[in-house]
Amino acid sequence: MATAGAPRRFCRCACFCSENLYVARYGLHLRFRGKQQLLRDYGPTLRDRGCVSPKDFQQLLAELEQEVERRRQLGQESAARKALIASSYRPARPEVYASLQAVALAPEFLAAAEYSASPGADLKGLLQRLETLSEEKRIYRVPVFTASFCQALLEELEHFEQSDLPKGRPNTMNNYGVLLHELGLDEPLVTPLRERFLQPLMALLYPEYCGGPLDSHRAFVVKYAPGQDRELGYHYDNAELTLNVALGKAFTGGALYFGGLFQAPAALTEPLEVEHVVGQGILHRGGQLHGARPLGTGERWNLVVWLRASAVRNHLCPMCCRKPDLVDDEGFGDGFTREEPTTVDVCMLT
């Protein structure tokens, strides 16, 4: 077992390069090991979705091979971008890079986190401090950031977007946005948000995922705008738990919709629809199937934090549903470790 305070090496599962490859125009997540496997496993489905000609199939094959190669190089290329940004980028709002302070957080969020870490805190008491969007699906909402912090962060993100520095895709489905660790915002913003505030709160809401600590994350901002990404297909997150905070700007449409858990998918007959409220965060399980309706007008920017617990995922990769085949990776990787984490006392996190 790693000693206290020693740096830990995080890993990804080898399935990252072959499972859940998203093809937006066909609305499918595919497993890809080669041409014959693709035809055998998905031939009829692809034809039903419009992949009918040899040219269509060859184009799909080329895209999948390109995506596999992109994923293989992702860790090294991301580390290189982060180093270049650190040496060359001049922030417009340097205050957002300061260590997270309570003044940036909404009073409701501070109160919920403080209560969660207090002796004798229980779920009933916490739910009095949150908005329950669905008791059945265990989806909640709470104000997270102040309006002034959302504005400052947005200004910084737009400033970076307008620079000529390289930018990585936020995830495998979104094309526009920012990876916060590449921009240098993991250490001052996201890590303290996870460790000091989200850990005790999530431990009460979802105790089955918090027997060990939420010891890593992947945080990114996604952008929806005309001529760019406008909607997001039905999927689940590579996370135990997710926080999704609307940062702005002015927009219509783009509501989130939720179905069941991916482990027990059901027909999406009456999804739960949730409108975005600037500054407020939606809390849900990573395995909850969800998507985003098309944007109507304006621009929508959201901060998404995938919260990961190695004590959970070390036993079962949520993407391939097998024991993970570990590959060393950069940074937090995909949240897997080669050793078990120590347990966490949420009362010590205040």
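Residues numbered from 1 in each chain as written. Predicted model: local features only at pLDDT ≥ 70, side-chain atom pairs only at ≥ 80, totals over all residues. Heavy atoms only, no water.

The protein goes by 2-oxoglutarate and iron-dependent oxygenase domain-containing protein 2 in an unreviewed UniProt entry, where it is assigned to Trichechus manatus latirostris. Listed under Cofactor (unreviewed entry) in UniProt, the entry text for the protein is "L-ascorbate". (UniProt positions renumbered as here; feature names shortened; annotations may be inferred.)

**Student:** Please set out the overall build of the protein residue by residue, giving values where relevant.
**Tutor:** For the protein, the count of helices and strands is eight helices and 18 strands. On C-alpha atoms alone, the protein measures out to a radius of gyration of 20 Å, which is about the 20 Å that the 2.2 N^0.38 rule sets for 350 residues. For the protein, the C-alpha atoms occupy an extent of roughly 60 × 45 × 45 Å along the three principal directions. Put simply, the protein shows about 16000 Å² of open surface, and 53% of that area lies on carbon and sulfur atoms. Taken together, the 39 basic and 43 acidic charged side chains of the protein have centroids lying 4 Å from each other. (Helix = DSSP H or I, 4+ residues; strand = E, 2+ residues; numbered from the N terminus. Rg over C-alpha atoms; globule rule 2.2 N^0.38 Å. Areas by Shrake-Rupley, 256 points an atom, 1.4 Å probe, with all protein chains shown as cover. Lys, Arg positive; Asp, Glu negative; His and termini not counted. Charge placed at Lys NZ, Arg CZ, Asp CG, Glu CD.)

**Student:** Give a description of helix H7 (residues 186–205) that names residues and reports values.
**Tutor:** With 20 residues, H7 extends only 24 Å from end C-alpha to end C-alpha; this falls clearly short of the ideal 28 Å at 1.5 Å per step. Its maximal kink placed at Leu198, H7 deviates by approximately 55°, while the proline Pro200 follows within four residues. The element H7 is extensively covered by neighbouring structure, given that 17 of its 20 residues are classed as buried. (Expected span 1.5 Å × (residues − 1). Bend = angle between axes of the 7 residues up to and from the residue. Buried < 20%, exposed > 50% of the residue type's maximum accessible area, 1.4 Å probe, protein only.)

**Student:** Explain the packing of aromatic side chains residue by residue, including any values.
**Tutor:** For the structure shown, the criterion picks out eight aromatic pairs. Plain terms: the ring middles of Phe109 and Phe197 are 6.0 Å apart, the flat faces sit at 40° to each other, and that makes the pair tilted. Within this pair, whereas Phe109 is found in helix H3 (residues 107–116), its partner Phe197 is found in helix H7, the two being separated by 88 residues in sequence. Exposure class is identical for Phe109 and Phe197. Each is buried. (Phe/Tyr/Trp six-rings, centres within 6.5 Å; stacked < 30°, edge-to-face > 60°.)

**Student:** So what about the environment of Gln151? Which residues, and what values?
**Tutor:** Assignment of secondary structure puts Gln151 in helix H5 (residues 147–161). In this structure, the C-alpha to C-alpha distance between Gln151 and Gly279, residues 128 residues apart in sequence, is 9.6 Å.

**Student:** Break down the sheet that holds strand E16 (residues 300–308) for me, citing the residues and quoting the values.
**Tutor:** Strand order in the open sheet made by the seven strands is E4-E5-E13-E9-E16-E7-E6, with antiparallel pairing throughout. Strands at the two margins of the open sheet, each flanked by one partner only, are strand E4 (131–134) and strand E6 (177–179). The mean angle between the axes of side-by-side strands here comes to 20°, regardless of whether they run parallel or antiparallel. Inspection of the sheet shows strand E9 (residues 241–248) paired to strand E13 (residues 280–285) by five bridges, in the antiparallel sense. Looking at the pairing, Val245 lines up with Gly281 of E13. Packing of H5 onto the sheet brings it into contact with E6, strand E7 (216–224), E9 and E16, and relative to E9 it is tilted by some 85°. (Pairing = 2+ DSSP bridges. Axes fitted to C-alpha atoms, helices over the stretch in contact; angles between N-to-C directions. Contact = heavy atoms within 4.5 Å.)

**Student:** Help me get a handle on the domain arrangement of the protein, residues and values and all.
**Tutor:** When cut into domains, the protein gives domain 1 (14–88) and domain 2 (103–339). A C-alpha centroid distance of 24 Å is found between domain 1 and domain 2. Listed as interface residues are 20 residues of domain 1 and, on the opposing side, 26 residues of domain 2. Where domain 1 abuts domain 2, roughly 1800 Å² becomes buried across the two surfaces, and 59% of that area is made up of carbon and sulfur atoms. Between Arg322 and Glu19 there is a salt bridge; the shortest N-O distance is 3.4 Å. Inspection of the region where domain 1 meets domain 2 yields six residue pairs in polar contact (both at pLDDT 80 or more). Take the side of domain 1 that touches domain 2: its biggest share by element is twelve residues, from helix H2 (residues 54–88). Looking at the side of domain 1 that touches domain 2, its residues break down into seven nonpolar, six polar and seven charged. (Domains from an automatic or database assignment. Buried area = accessible area lost by both parts, 1.4 Å probe. Salt bridge = Lys/Arg side-chain N within 4 Å of Asp/Glu carboxyl O. Polar contact = N/O pair within 3.5 Å; in protein donor to acceptor, adjacent residues only side chain to side chain. Nonpolar A, V, L, I, M, F, W, Y, C, P; charged D, E, K, R; others polar.)

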